[in-house]
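Chains, contacts and geometry: an overview
Each chain, letter by letter, is given below.
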Amino acid sequence: MTVQPRPSILTIEPYVGGESKIPGVNRIIKLSSNEGAFGPPPKAIEAITQAAREAHRYPDGGATALRNAIGAKYGLDPARIVCGNGSDELISHLCLAYGGEGTEVVMSAYGFMMYDIAARYAGSRVLKVAEHDMKADIDGMIAAAAGPRVRIVFITNPNNPTGTLLPSSEIARLRAGLRDDVLLVLDSAYAEYVTEPGYDAGEKLVNAAGNTIMLRTFSKIFGLGGMRVGWGYASPEIIETLNRVRGPFNVAAASQAAAVAALAEEGWEAKSVAHNNEWRGKVVAALEGAGIKVWPSQTNFILVDFGAPERAKAADAALKQRGLIVRAMGGYALPQCLRITIGTAEECQMVIDALTAFANG
Ligand SMILES: *Cc1c(COP(=O)(O)O)cnc(C)c1O
């Protein structure tokens, strides 16, 4: 007899992050985790350096300055914001607080892997709903969520790893189709990159009722994945629940300071979005010109579809030969695809060169 975790823990496939090394290759270009193309904002680097001198102090457990800065930026009530050690932490707490043994959690087939991991951790059963054209099937999700044991529905818009966007009216239709006692988690990790008019990252839905939470992150456009800062916006009741269960000092002081500074960086988002639009457009045009299928993206990555797993594997090898690391999609049940982050101009050009040569080879 030895110590054993709860049985549901043993059903979890450990999360495998984007690779970062290729044996024998010196210069690595990492395009596997959707980290912003420009690295951290200069003001954030400064703030982290400053914070080092105060590293002996515990952080502000309420993340007050950060919540105020987020509230001011997006026009939200800071009292309805909670910060997390990345939005991943909040996903886990939501699953543990609202799910658990005997309950079910609904997500779409190609939804973000962390939902599956966190739901199983909590002991919930995960119901995955098939997608059409790499888009969540809203009717299918509503039907799957009708069961009495369902407590949480997760949806990402635009979605990772597919990059596709659903109209916000479809997300509203999903909410309207769920029971009032089902929590909708709307993960808007890539909201800043969306150019579609009328897009609602979640504020409207959250304000309309008390059973939806919007999740956001500093890990993508703000270039702070290594600092681990995410946040949620929801009803006071949901925020209070998360405040009860999160660690009292869950976001490091340097991370809070970095995030505040990132929000204050003049023109950062506009510059990032303009770059992303330009180079995503160029990469997509070049790949399509070479006869390679790319799913439409409203994010800082593209899902490239090679039609067959062997072909995707060969493309991955061709990219690796040039030091380019992208994300293989076998873990997402999309082995025929590779997910490629939009990096700097030079990195994008390297992707174009490698894949056009591959297609013509
Ligand atoms: C990257 C990502 C997150 C991220 O979060 P952290 O804040 O770094 O934990 C959450 N959801 C989705 C869909 C993502 O792609």
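Note that the coordinates shown come from a computational prediction; the quantities given were computed from them, not determined experimentally. (Residues numbered from 1 in each chain as written. Predicted model: local features only at pLDDT ≥ 70, side-chain atom pairs only at ≥ 80, totals over all residues. Heavy atoms only, no water.)

A few words on the packing of helix H11 (residues 309-321) against helix H12 (residues 345-360). Here H11 crosses H12 at 130°, and the two axes come no closer than 9 Å. Regarding the angle of H11 to H12, the classification is oblique. You can see that H11 and H12 cross each other, and the crossing is right-handed. Together, Arg311, Ala314, Ala315, Ala318 and Leu319 of H11 and Val351, Ala354, Leu355, Phe358 and Ala359 of H12 make up the contact between the two elements. (Axes fitted to C-alpha atoms, helices over the stretch in contact; angles between N-to-C directions. Helix = DSSP H or I, 4+ residues; strand = E, 2+ residues; numbered from the N terminus. Parallel < 35°, antiparallel > 145°, perpendicular 65-115°, else oblique. Left-handed = near helix turned anticlockwise from the far one by under 90°. Contact = heavy atoms within 4.5 Å.)

Summarizing the sequence annotation, UniProt attributes the feature "modified residue: N6-(pyridoxal phosphate)lysine" (unreviewed entry) to Lys220 in the numbering used throughout. Setting aside its immediate chain neighbours within four residues, lysine 220 contacts Ser33, Asn34, Glu35, Gly36, Ala189, Tyr190 and Tyr193. (UniProt positions renumbered as here; feature names shortened; annotations may be inferred.)

Among the nonpolar cores identified, the biggest contains 35 residues, and Ile91, Leu94, Phe154, Val185 and Ile213 are the most heavily contacted of them. Looking at this core, the elements that each hand over two or more residues are helix H3 (87-98), strand S3 (104-108), helix H4 (113-122), strand S5 (150-156), strand S6 (183-187), strand S7 (212-217) and helix H8 (236-245). Of the domains in this structure, domain 1 (7-40 + 267-360) and domain 2 (42-263) are the two that each give at least three residues to this core. In this structure, isoleucine 213 is in contact with Leu94, Leu183, Leu184, Val185, Leu186, Val206, Gly232, Tyr233, Ala234, Ile238 and Leu242, ignoring residues within four places of it in sequence. (Core = buried A, V, L, I, M, F, W, Y, C linked by side-chain atoms within 4.5 Å. Buried < 20%, exposed > 50% of the residue type's maximum accessible area, 1.4 Å probe, protein only. Domains from an automatic or database assignment.)

Let's shift gears to the pairing of S6. With 5 of its 5 residues buried, S6 lies for the most part within the structure. Burial of S6 is two-sided: the residues Leu183, Val185 and Asp187 facing one way and the residues Leu184 and Leu186 facing the other way are all buried. Strand direction decides the pairing type here: S5 and S6, joined by 5 bridges, are parallel. For phenylalanine 154, the partnering residue across the bridge sits in S6 and is valine 185. (Pairing = 2+ DSSP bridges.)

Turning our eyes to something else, we now look at unusual backbone geometry. Most peptide bonds take the trans configuration, and most residues that are not glycine carry a negative phi. The omega angle of the peptide bond from asparagine 157 to proline 158 is -5°, so this bond is cis rather than trans. Here the bond from asparagine 160 into proline 161 is cis, since omega is 15°, no more than 30 degrees from zero. Its identity as a non-glycine residue notwithstanding, arginine 228 has a phi of 60°, on the positive side. Relative to the helices and strands, arginine 228 resides in the loop between S7 and strand S8 (230-233). In this structure, alanine 333 takes a positive phi of about 60° despite not being glycine.

Let us look at the environment of lysine 43. Residue position: lysine 43 is located in helix H1 (residues 42-52). Lysine 43 sits in the partly exposed class, given a relative accessible area of 37%. Linking lysine 43 and alanine 253, residues 210 residues apart in sequence, is a C-alpha distance of 15 Å. If near-sequence neighbours (up to four positions away) are discounted, lysine 43 is found in contact with Ala261, Ala264 and Glu265.

Per the domain assignment, the segments of the protein chain are domain 1 (7-40 + 267-360) and domain 2 (42-263). The centre of domain 1, based on its C-alpha atoms, is set 24 Å off from the matching centre of domain 2. Listed as interface residues are 36 residues of domain 1 and, on the opposing side, 36 residues of domain 2. On inspection of domain 1 and its partner domain 2, the count reaches 1 salt bridge. Note that glutamate 269 and lysine 73 form a salt bridge whose closest N and O atoms lie 2.5 Å from each other. (Salt bridge = Lys/Arg side-chain N within 4 Å of Asp/Glu carboxyl O.)

Residues in contact with the ligand amount to 13 residues; listed here are only the nearest, Ser87, Asp187, Thr217, Ser219 and Lys220. Threonine 217 places a side-chain nitrogen or oxygen 2.6 Å from an oxygen atom of the ligand. Protein coverage of the free-state accessible area of the ligand, which is 390 Å², stands at 94%. Tallied by class, the residues present in the shell around the ligand amount to 3 nonpolar, 6 polar and 4 charged. (Near = heavy atom within 4 Å. Polar contact = N/O pair within 3.5 Å; in protein donor to acceptor, adjacent residues only side chain to side chain. Areas by Shrake-Rupley, 256 points an atom, 1.4 Å probe, with all protein chains shown as cover. Nonpolar A, V, L, I, M, F, W, Y, C, P; charged D, E, K, R; others polar.)

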